[in-house]
Amino acid sequence: GAVVSQHPSWVICKSGTSVKIECRSLDFQATTMFWYRQFPKQSLMLMATSNEGSKATYEQGVEKDKFLINHASLTLSTLTVTSAHPEDSSFYICSARDELYGTQYFGPGTRLLVL
Amino acid sequence: GQNIDQPTEMTATEGAIVQINCTYQTSGFNGLFWYQQHAGEAPTFLSYNVLDGLEEKGRFSSFLSRSKGYSYLLLKELQMKDSASYLCAVPTRSNDYKLSFGAGTTVTVRA
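Residues numbered from 1 in each chain as written. Chains lettered and ligands numbered in written order. Predicted model: local features only at pLDDT ≥ 70, side-chain atom pairs only at ≥ 80, totals over all residues. Heavy atoms only, no water.

J.: Whenever I open this one, the pairing of strand S11 (residues 105-110) of chain B confuses me. Can you help?
T.: Consecutive side chains of a regular strand alternate in pointing toward one face of the sheet and then the other. Residues and elements named next belong to chain B. Across the two faces of S11 the burial differs, with Thr 105, Val 107 and Val 109 buried and Thr 106, Thr 108 and Arg 110 not buried at all. As paired elements, strand S9 (residues 84-91) and S11 share 3 bridges and run antiparallel to each other. Counted as the bridge partner of Ala 84 is Val 107 from S11. (Buried < 20%, exposed > 50% of the residue type's maximum accessible area, 1.4 Å probe, protein only. Helix = DSSP H or I, 4+ residues; strand = E, 2+ residues; numbered from the N terminus. Pairing = 2+ DSSP bridges.)

J.: Is there a simple way to think about the packing of aromatic side chains in this case?
T.: The geometry of an aromatic ring pair is captured by the separation of the ring centres together with the interplanar angle, meaning the angle of the planes. One pass over the full model with this rule turns up 15 aromatic pairs over all chains. Both rings, one in A:Phe106 and one in B:Phe101, keep their centres 6.1 Å apart while their planes meet at 55°; by these two values the pair is tilted. Pair noted here: A:Phe106 is in strand S10 (residues 103-106) and B:Phe101 is in strand S10 (residues 99-101), and the two residues belong to different chains. Accessibility classification places A:Phe106 together with B:Phe101 in one group, the buried group. Among the aromatic residues, those joined into a ring-pair cluster are A:Phe28, A:Tyr36, A:Tyr105, A:Phe106, B:Phe33, B:Tyr35, B:Phe45, B:Tyr48 and B:Phe101. The ring of A:Phe67 has A:Lys66 lying over it, and the distance from NZ or CZ to the ring centre is 5.9 Å. (Phe/Tyr/Trp six-rings, centres within 6.5 Å; stacked < 30°, edge-to-face > 60°. Lys NZ or Arg CZ within 6 Å of the ring centre and 35° of its normal.)

J.: What exactly am I supposed to notice about the pattern of salt bridges here?
T.: Think of it this way: side chains of opposite charge can pair up when their charged atoms draw near. All names here are of chain B. Evaluated as defined, the whole model comprises 7 salt bridges over all chains. When the shortest N-O distance is used, the salt bridge between Glu 56 and Lys 76 registers 3.4 Å. With Glu 56 in strand S6 (residues 53-57) and Lys 76 in the loop between strand S8 (70-75) and S9, this residue pair connects regions lying 20 residues apart in the sequence. Owing to a relative accessible area of 54%, Glu 56 belongs among the exposed residues under this scheme. By relative accessible area, Lys 76 is classed as partly exposed at 23%. (Salt bridge = Lys/Arg side-chain N within 4 Å of Asp/Glu carboxyl O.)

J.: I'm lost on the interface of chain A and chain B in this one. Help?
T.: Accessible area lost when the parts come together is the quantity often used to give the size of an interface. Contacts between chain A and chain B engage 22 residues on the former and 16 residues on the latter. Between chain A and chain B, the buried area comes to about 1400 Å², and carbon and sulfur atoms account for 59% of it. It is A:Leu44, A:Gln104 and A:Phe106 that lose the most area in chain A upon contact with chain B, and together they represent 29% of the buried surface on that side. For the interface between chain A and chain B, the tally reads 1 salt bridge. (Contact = heavy atoms within 4.5 Å. Buried area = accessible area lost by both parts, 1.4 Å probe.)

J.: Please explain the state of the cysteines as it appears in this structure.
T.: The bond known as a disulfide is covalent and runs between the sulfur atoms of two cysteines. As enumerated under the stated definition, the model contains 2 disulfides over all chains in all. Across the disulfide, A:Cys23 is cross-linked to A:Cys94 (sulfur-sulfur distance 2.0 Å). Judged by the torsion about the S-S bond (80°), the A:Cys23/A:Cys94 disulfide is right-handed. Of this pair, A:Cys23 sits in strand S3 (residues 19-25) while A:Cys94 sits in strand S9 (residues 90-98), and the two are 71 residues apart along the sequence. Residue classification places A:Cys94 among the buried residues on the basis of a relative accessible area of 0%. Between B:Cys22 and B:Cys88 runs a disulfide, and the two sulfur atoms are separated by 2.0 Å. With the S-S dihedral at roughly -70°, the linkage between B:Cys22 and B:Cys88 falls on the left-handed side. Pair noted here: B:Cys22 is in strand S3 (residues 18-25) and B:Cys88 is in strand S9, with a separation of 66 residues, a long-range link. (Disulfide = S-S within 2.5 Å.)

J.: Just to check I follow, could you spell out the confidence of the model for chain B for this structure?
T.: Caution is warranted with low-pLDDT regions, since their predicted coordinates should not be read in detail. Looking at chain B as a whole, the pLDDT averages 92, with 95% of positions reaching at least 70. Highest mean pLDDT in chain B belongs to S11(B) (98); lowest belongs to S10(B) (89). (pLDDT = per-residue confidence, 0-100.)

J.: What exactly am I supposed to notice about the sheet that holds S3(A) here?
T.: Residue and element names in this part refer to chain A. Pairing is antiparallel in the open sheet, where 4 strands are placed in the order S1-S3-S8-S7. In this open sheet, the two edge strands, each paired with only one partner strand, are strand S1 (4-7) and strand S7 (67-73). The average undirected angle you get between the axes of adjacent strands in this sheet is 15°. As paired elements, S1 and S3 share 4 bridges and run antiparallel to each other. Looking at S3, one finds that Ser 5 is bridged to Arg 24. (Axes fitted to C-alpha atoms, helices over the stretch in contact; angles between N-to-C directions.)

Given below as structure tokens:
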């Protein structure tokens, strides 16, 4: 149990395009999901908290208009990187909080490469 | 805020035991998590301690002392596949679900 999926696992896009990443909790409901970014050999950096049915809460320094988050159901949150640039290339990881046990489970991550 | 400290690196031999310590300071406490992260992959959940004491899960055990702000992850009968980064994490505030992570401890298992 407690499986979180992400799609796609890899994406390469041209500068200026938008990319949507999906995060799904497969066998539990998640009112709260989180989006992280991780650069090589660095720690996880929390970007935003995604709350089902309400607006996401962004961490300081993260542009909400650039990283659009939608949490339309209890099992799905999406992150859209708008007008992507090479500096947005990173490893994006979502996590979902299992309400029953209070544990966060991570998705497998999405590698984004912007050319 | 949170102040989470764990060693940067540890090296051990296959079959040995490794203890990864984590100290934290937090305003309010709502549990402590340990995650394993292999290079190039996302973290995977190992353990969640809310109460003091030792919790054992196969070769991995996690200990918590809330009064001391201290936890450790014990890896027994080390295998090569245990080479990874081990992350200690606590919620940023009491009743808040955001996790604050330590920088991670890179464990290298040698034959």
